[in-house]
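Understanding the architecture of this molecule
Residues per chain are reported as follows:
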Amino acid sequence: MNKKVALHNLGCKVNAYEIEAMQQLLEHAGYEIVPFAPGADIYIINTCTVTNIADRKSRQMLHKAKKMNPHAVVAATGCYVQADKERLEMDESIDLVIGNNQKQNIVELLQEYERTQQEISSVININTTKEYEPLQIEKTAEHARAYIKVQDGCNQFCTYCIIPYARGRVRSRKKEDVVREVERLAAAGYREVVLTGIHLSSYGVDFAEEEKETLLSLIESVHQVEGITRIRLGSLEPRIVTEEFAQGIASFPKVCPHFHLSLQSGCDATLKRMNRRYDSKEYAEKCQVLRTVYENPALTTDVIVGFPGETEEEFEQSYEFVKNINFYETHIFKYSMRKGTKAAAMENQIPEQTKAVRSDRMLQLHEGQAQKFEESFLGKTVEILLEEIIQENGKEYFVGHTREYIKGAVECKEDRKQNDVLVCRVEGFLKPHVLRCIEL
């Protein structure tokens with residue numbers, strides 16, 4: 001009888017990609033994939049370590065798995081393993097401790113454990129490896145959009161971030177491997193791909209001069225794959241947005257006008273303490289570059305409030321900057337201390353109550369800006385990739401996303417199906433943040 005495996009993912013889109021790749025390796029090896037619930041023979045938890053809270057959630061899920069079946073094999077994989085392997089090696093709930101760049105060996109490690117019944121720890125020194133781990137997927141849990149990992153590691157060392165220590169230095173995936181995976185996904189019916197990585201803007205910097213590629217040259221190659229109609233990009237560093245880069249992506253019609261430019265703060269003093277490598281003036285210029293080559297692009301960002309030392313004046317500077325840029329979406333995070341980072345040892349840590357007040361103000365600003373951006377499409381023509389059916393006001397609607405990543409809905413018809421791309425006119429709102437559209 002085939003062993004039953006349940007998998008659970010914590011963390012980012014790169015983690016989500018990697019757990020899907022592990023799942024497919026297990027399926028090919030004959031394991032049966034089951035829901036993360038009591039009854040599995042093996043539990044695999046892909047951990048996250050971005051904050052102390054993420055560490056705690058990772059431990060909780062590992063202990064939950066052992067409680068669901070005390071006789072099951074429990075495997076911890078990923079970033080928390082890499083950051084604190086000694087603690088997990090001593091945890092009696094965990095049978096396998098598998099770090100980053102070792103997930104490709106999941107089948108062999110499980111089989112070794114079954115053979116020996118001895119606890120296994122497979123964790124390399126991630127800070128010295130130059131190898132890009134060759135994981136791949138043939139399908140994804142999302143049926144219309146496929147996230148594709150093209151890069152791992154980070155060389156930035158922002159003072160609040162543990163990820164360079166958990167993921168190592170920048171390692172890029174060979175362009176030919178990326179293109180082959182996109183071709184397979186296109187053949188399986190996917191229309192949209194999202195290129196993602198730990199520090200996507202660094203793609204190619206680690207290649208030898210004779211093999212040199214850039215994120216722009218990678219996008220160009222993916223753009224040539226038949227069947228793919230949309231390309232999105234994961235989070236970008238502002239400095240990659242040069243005139244050349246912006247004009248380059250604008251010349252590729254499949255690239256969606258939806259860009260996530262990481263900000264973190266609109267205050268220069270805070271940016272300096274964070275060790276971000278730009279100031280607010282440069283960031284604003286990069287946004288303008290994108291708005292010069294695209295008519296009305298969706299610009300989204302991340303903002304941390306309550307970073308150590310953030311005064312009321314500094315917060316106000318950040319707030320006004322976000323207000324003036326007019327983002328479509330602003331993802332707001334209250335600063336969360338991560339042991340082992342420089343920021344955790346900084347003076348003037350901000351009280352949680354103050355962080356909550358600042359977060360609420362930023363959230364209100366975000367809501368207003370999101371609504372304003374969405375309203376700018378009323379009466380306009382948009383393109384929607386159909387993804388799922390919902391019920392609203394007694395009617396069935398097909399919901400998908402525009403190229404700007406705004407949700408849009410059209411009434412269901414018999415000939416409409418998932419992954420269809422419709423050209424529509426925006427008539428109004430079906431409900432908050434969902435455009436009501438009519439096919440043209």
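Keep in mind that what you see is a predicted model, and the values were worked out from it rather than measured.

This next bit is on the nonpolar core. Note on soluble globular proteins: their nonpolar side chains tend to be buried together. Membership of the largest hydrophobic core comes to 57 residues, with the highest contact counts inside it found for Leu-215, Ile-219, Leu-233, Phe-245, Ile-249 and Met-362. Ignoring any residue separated from it by four or fewer positions in sequence, one finds Ile-249 in contact with Leu-216, Ile-219, Val-255, Phe-259, Leu-290 and Tyr-294. Residues Leu-10, Phe-36, Ala-40 and Tyr-80 belong to the second largest nonpolar core, which totals 21 residues.

The next thing to look at is the state of the cysteines. Tallied over the entire structure, the rule returns zero disulfides. We note that Cys-154 lacks a disulfide partner, and the nearest cysteine sulfur, in Cys-158, lies 6.4 Å from it. Summary of cysteine pairing: Cys-256 is not part of a disulfide, and the nearest cysteine sulfur, belonging to Cys-424, is at 15 Å.

Attention now moves to the pattern of salt bridges. Taken as a whole and assessed by the stated rule, the structure comprises 31 salt bridges. Glu-310 is paired through a salt bridge with Arg-358; the nearest N and O atoms lie 2.9 Å apart. Remark: Arg-358 occurs in helix 13 (residues 352-375) and Glu-310 occurs in the loop between strand 12 (298-305) and helix 12 (312-325); sequence separation between them is 48 residues. Overall, the relative accessible area of 2% leaves Glu-310 in the buried class. For Arg-358, a relative accessible area of 5% gives the class buried. In this structure, Glu-392 and Lys-431 form a salt bridge, with 3.8 Å as the shortest nitrogen-oxygen distance. Of the two residues, Glu-392 is situated in strand 14 (residues 381-392) and Lys-431 in strand 17 (residues 421-431); the sequence distance between them amounts to 39 residues. Given the relative accessible area of 34%, Lys-431 is considered partly exposed. Here the salt bridges share partners, and the residues they tie into one network are Glu-18, Lys-103, Lys-149, Asp-152, Arg-167 and Arg-171.

Along the chain, Gln-24 falls in helix 1 (residues 13-28). Since its relative accessible area comes to 5%, Gln-24 is described here as buried.

Another point: the sheet that holds strand 8 (residues 171-172). Pairing in this open sheet of four strands is mixed, and the strands run 8-7-9-10 from one edge to the other. Every interior strand has two partners, whereas the edge strands, strand 8 and strand 10 (230-233), have only one.

Here the focus is the pairing of strand 3 (residues 42-47). Across the six residues that make up strand 3, a large majority, six, are buried. Side chains Ile-42, Ile-44 and Asn-46 of strand 3 all project onto a buried face; the interleaved residues Tyr-43, Ile-45 and Thr-47 project onto the opposite face, where all are buried too. Across five bridges, the pairing between strand 1 (residues 4-9) and strand 3 is parallel. Residue Leu-7 lies in a different strand from strand 3, and its bridge partner there is Ile-44. Pairing of strand 3 with strand 4 (residues 73-78) involves six bridges; the strand directions are parallel. From the neighbouring strand, Ile-42 faces strand 4, where its bridge partner is Val-73.

Reading the values: the criteria
- Throughout, a residue's number is its position along its own chain's written sequence, starting from 1.
- Where local features are concerned, this predicted model is filtered to residues with pLDDT of at least 70; where side-chain atom pairs are given and counted, the filter is 80 or more; whole-chain, interface and lining totals use all residues.
- With hydrogens and water stripped out, all remaining heavy atoms of the structure feed into the side-chain values.
- Nonpolar cores are built from buried Ala, Val, Leu, Ile, Met, Phe, Trp, Tyr and Cys residues. Side-chain atoms within 4.5 Å join them into one set.
- Exposed residues in this analysis have more than 50% of their type's maximum accessible area, buried residues have under 20%, and partly exposed residues fall in between, with area computed by a 1.4 Å probe over protein chains only.
- Whether two residues are in contact is decided by their heavy atoms: any pair within 4.5 Å suffices.
- Cysteine sulfur atoms that pair up within 2.5 Å are treated as a disulfide.
- By salt bridge we mean one thing: a side-chain nitrogen of Lys or Arg within 4 Å of a carboxyl oxygen of Asp or Glu.
- Counting from the N terminus, the helices are DSSP H or I runs at least four residues long and the strands are E runs at least two residues long.
- Two strands form a pair only when DSSP identifies at least two bridges running between them.

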